[in-house]
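Examination of the molecular architecture
As a plain string of letters, each chain reads:
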Amino acid sequence: MGPRQRPTTPSRAALAALVALSLLAAVLPAGAWSEFGVEEETKVTAGPEIREPFFEFLIRMAESDSVGLWTGEELRAHVSASDRKSRFPVEDVVSLERARPDRKAAGKYQGTTVRAVWTIELTGKQDRPMPYSILGYHPGSLRIGAVLVLSELGPADLEIRYNDGDEPTTRLFTEVRIFPLEQGHVVLDADGFLDALLGSGLDDAWTLGFVIGREDGKLVGLGVSLGRKGRHIFGEFDFSRDKVLAHGRPPMAALSRASRRWLNVESGNLPEPWVKD
């Protein structure tokens, strides 16, 4: 199932997959959900490294540095061949493209290079329930723009410094790829009931971009967002368990802070938050 080189007319649910890394945006920094008294399980379960087949396709294309356009039929064939059910409406995908940037676009982020540009076109603006729960709750809906364009930065190794309690700690993340969302929007609209129940523990979130990398060899994912009042929000995703993690770990909080060097509106590369949501 190789890529085809031709003009793009990408999709609708294709976004839902890259998007789901943004539903991570619902998850706040460490302790935000601690009032529930629930800790995430950390045991490793048997199965593929990436359980969601649509995520698997996207990430493997980035890792193999494949460029081209894939039709909805090709993506559905990938999901079908995996024998795993997707959480996303893959039947609505038209196409998805990963292409090389031109010379000017390749150098627009200081200190790194744009490796590729992803374009996802939808049939129209989307408003659908968030497909993942957090501690048993489905915290709201995802509002998605009709056209999404994301740059892909990296891969690179990042040495992250943070405090583990009172102890200064260094952690190396390898093969880090950062995906600034340059056109369109992905917004978590928090459910009113949960918003009132949790107060500052849940907030509407505007996605700035996504991050993937490896921590001690394990693939990790991160959604980086802003609240309506500018609060920094991040969320972690466990690909092997296909699960949003409700407690932000210190190294992932540090990775979120480091990625905001490129995931920031002040750079001029990202759309103004909360303008076209």
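What this report covers is the structure whose coordinates are included nearby. Within each chain, residues carry numbers counting from 1 in the order of the written sequence. Only residues with pLDDT of at least 70 are given local features in this predicted model, and only at 80 or more are side-chain atom pairs given and counted; all residues enter the totals for whole chains, interfaces and linings. Neither water nor hydrogens contribute to the side-chain values; these are computed over all heavy atoms in the structure.

**With respect to the pattern of salt bridges**
Basic side-chain nitrogens of Lys or Arg form a salt bridge, by our definition, when they fall within 4 Å of a carboxyl oxygen of Asp or Glu. Under the defined criterion, the tally for this structure stands at 21 salt bridges. The salt bridge involving Arg-98 is made with Glu-152; its shortest N-O contact spans 2.9 Å. Remark: Glu-152 occurs in strand S6 (residues 147-164) and Arg-98 occurs in strand S2 (residues 95-99); sequence separation between them is 54 residues. Type-normalised accessible area, obtained with a 1.4 Å probe on protein chains alone, sets the label of each residue: buried when under 20%, exposed when over 50%, and partly exposed for intermediate values. Judged by relative accessible area, which is 1%, Arg-98 ranks as buried. When the shortest N-O distance is used, the salt bridge between Arg-161 and Glu-159 registers 3.0 Å. In this structure, a network of salt bridges that share partners links the residues Asp-65, Arg-98, Arg-100, Arg-115, Glu-152 and Arg-177. The way it works is that DSSP assigns letters per residue, a run of H or I at least four long becomes a helix, a run of E at least two long becomes a strand, and they are numbered from the N terminus.

**Digging into helix H6 (residues 250-259)**
Judged by how many residues are buried, H6 sits mostly within the fold: seven of 10 residues are covered. If you check which residues of H6 are buried, you get Pro-251, Met-252, Ala-253, Ala-254, Leu-255, Ser-256 and Ser-259. Whether two residues are in contact is decided by their heavy atoms, any of which lying within 4.5 Å being enough. Residues of H6 that are buried make contact with S6, strand S7 (167-183), strand S9 (205-215), strand S10 (218-226) and strand S11 (232-238).

**Things to note about unusual backbone geometry**
Between Gly-154 and the following residue, Pro-155, the backbone shows a cis peptide bond with an omega angle of 10°. Residue position: Pro-155 is located in strand S6. Here the phi dihedral of Asp-65 falls at roughly 55°; this positive angle occurs in a residue that is not glycine. Of note, Asp-65 is situated in the loop between helix H2 (53-63) and strand S1 (68-71). One non-glycine residue, Glu-175, adopts positive backbone phi at about 55°.

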